[in-house]
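One letter stands for each residue in the lines below.
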Amino acid sequence: VLRTTPGSAFTSVNTTRPTSASPGSVNSVASPMTPYDPLWLNELQADNVTGPVDNAGQRDPWIELYNAGLAPIDLSGYFLANNYDTNLTQWQFPAGSSIGPGEFKIVWADGQTAQSSGANLHANFRLNSTTGSVALVRLVGGKPQITDYLTYSGLVPDRSYGDYPDGQTFQRRQFYRPTPGGTNDATAPPVTLFINEWMAANTTFLPDPM
């Protein structure tokens, strides 16, 4: 599994690597990188005008996670944040939270945590309607590590943004048809086409080129 770091050209790989430089001598410190779960930030909708409603009957912003693996993933050690640097442990998934294999899970990013009930999760921050970011974070050695992220800009009402195809960090795009809880749909918007002008009796104005 390859993961990129926001704001960086580097890609991390699940392998053992030195954690401090030791040129000209044997590496003094090495540690294995904790394997990544097949867990992805798959889609988000920041300005939900006519889309799904939450368990309180409100159309609020949402974030979709996708488990691309074959086993359930415990989410209680994961966090969501609306930034990449100031507070990466902004909102933690409640104890007992999980996502099943192949499941698409919705988290409402509306800042209304009191509305959380059962599987209906509400983060303690609200997505900016047009431009913003979301980070999926875990703790490694007691320190936060971003495992996936989405950065969006110029997002118009009722459009969503995310991965296409599902579950990867390399191809992201806006979607005309949001698909909360399902696989992403890259179908293009319909073309708006009009008959703009016509002439019923063209006798002297425009000759047929043939």
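Residues numbered from 1 in each chain as written. Predicted model: local features only at pLDDT ≥ 70, side-chain atom pairs only at ≥ 80, totals over all residues. Heavy atoms only, no water.

Tell me what's going on with the side chain of Asn42, and back it up with residues and numbers.
Looking at where Asn42 falls in the secondary structure, it is placed in strand β5 (residues 39-45). On the accessibility criterion, Asn42 (0% relative accessible area) is buried. With residues up to four places along the chain from it excluded, the contact list for Asn42 reads Glu64, Leu65, Tyr66, Phe104, Tyr161, Gly162, Asp163, Asp166, Gly167 and Asn184. (Helix = DSSP H or I, 4+ residues; strand = E, 2+ residues; numbered from the N terminus. Buried < 20%, exposed > 50% of the residue type's maximum accessible area, 1.4 Å probe, protein only. Contact = heavy atoms within 4.5 Å.)

Tell me about the sheet that holds strand β13 (residues 132-140), residues and numbers included.
Hydrogen bonds between backbone groups are what pair the strands of a sheet, and the pairing can be parallel or antiparallel. Read from one edge of the open sheet, 4 strands run β9-β8-β13-β14, paired in antiparallel fashion. Two strands in the sheet have a free side with no partner beyond their single neighbour: β9 (91-92) and β14 (143-152). By the bridge criterion, 9 bridges tie β13 to β14 in an arrangement that is antiparallel. In the strand pairing of β14, Gly132 is matched with Tyr152. (Pairing = 2+ DSSP bridges.)

Describe the sheet that holds strand β6 (residues 62-67), and please don't skip the residues or the numbers.
On the basis of which strands lie adjacent, the open sheet formed by 6 strands has the order β12-β11-β6-β5-β15-β16 and mixed pairing. Each of the sheet's edge strands pairs with one partner strand only, and the pair in question is β12 (121-122) and β16 (172-175). One ladder, built from 2 bridges, connects strand β11 (residues 104-108) with β12; its direction is parallel. Residue pairing across strands places Trp108 opposite His122, the latter belonging to β12.

Would you mind going over the pattern of salt bridges in detail, with residue names and values included?
All chains considered together, the criterion is met by 4 salt bridges. Close ionic contact of Glu103 with Lys105 constitutes a salt bridge, the shortest N to O distance being 3.7 Å. The partner of Arg172 in a salt bridge is Asp148, and the shortest N-O contact between them spans 3.0 Å. Of the two residues, Arg172 is situated in strand β16 and Asp148 in strand β14; the sequence distance between them amounts to 24 residues. Note on accessibility: Arg172 and Asp148 belong to one class, buried. (Salt bridge = Lys/Arg side-chain N within 4 Å of Asp/Glu carboxyl O.)

Provide a residue-level description of the packing of aromatic side chains, including the pertinent values.
Taken as a whole and assessed by the stated rule, the structure comprises 4 aromatic pairs. Each ring, one from Tyr66 and one from Phe104, has its centre 4.5 Å from the other, and the planes form 10°; the classification is stacked. One end of the pair, Tyr66, is in strand β6; the other, Phe104, is in strand β11, and 38 residues separate them in sequence. A residue is classified by how much of its surface remains accessible, and Tyr66, at 16% relative accessible area, is buried. When the ring centre of Tyr149 is taken as origin, the NZ or CZ atom of Arg172, which lies over that ring, is 5.7 Å away. (Phe/Tyr/Trp six-rings, centres within 6.5 Å; stacked < 30°, edge-to-face > 60°. Lys NZ or Arg CZ within 6 Å of the ring centre and 35° of its normal.)

So what's going on with the nonpolar core? Which residues, and what values?
Residues Leu44, Ile63, Leu65, Leu80, Phe93 and Leu127 are the most contacted members of the largest nonpolar core, which totals 25 residues. At the level of secondary structure, the elements contributing two or more residues to this core comprise β5, β6, β8 (78-81), β13 and β14. Per-element tally for this core: the top contributor is β5, with 3 residues. The contacts of Leu65, once residues within four sequence positions are left out, are Leu39, Trp40, Leu41, Asn42, Leu75, Phe93, Ile99, Glu103, Phe104, Lys105, Val107 and Leu136. Counting residues in hydrophobic clusters, the runner-up holds 6 residues, among them Phe79, Leu88, Val137 and Ile146. (Core = buried A, V, L, I, M, F, W, Y, C linked by side-chain atoms within 4.5 Å.)

An account of unusual backbone geometry is needed here, citing residue identities and associated values.
For the bond from Tyr164 to Pro165, the omega torsion is 0°, close enough to zero to count as cis. Of note, Pro165 is situated in the loop between β15 (160-163) and β16. Its identity as a non-glycine residue notwithstanding, Asp158 has a phi of 70°, on the positive side. Topologically, Asp158 is positioned in the loop between β14 and β15.

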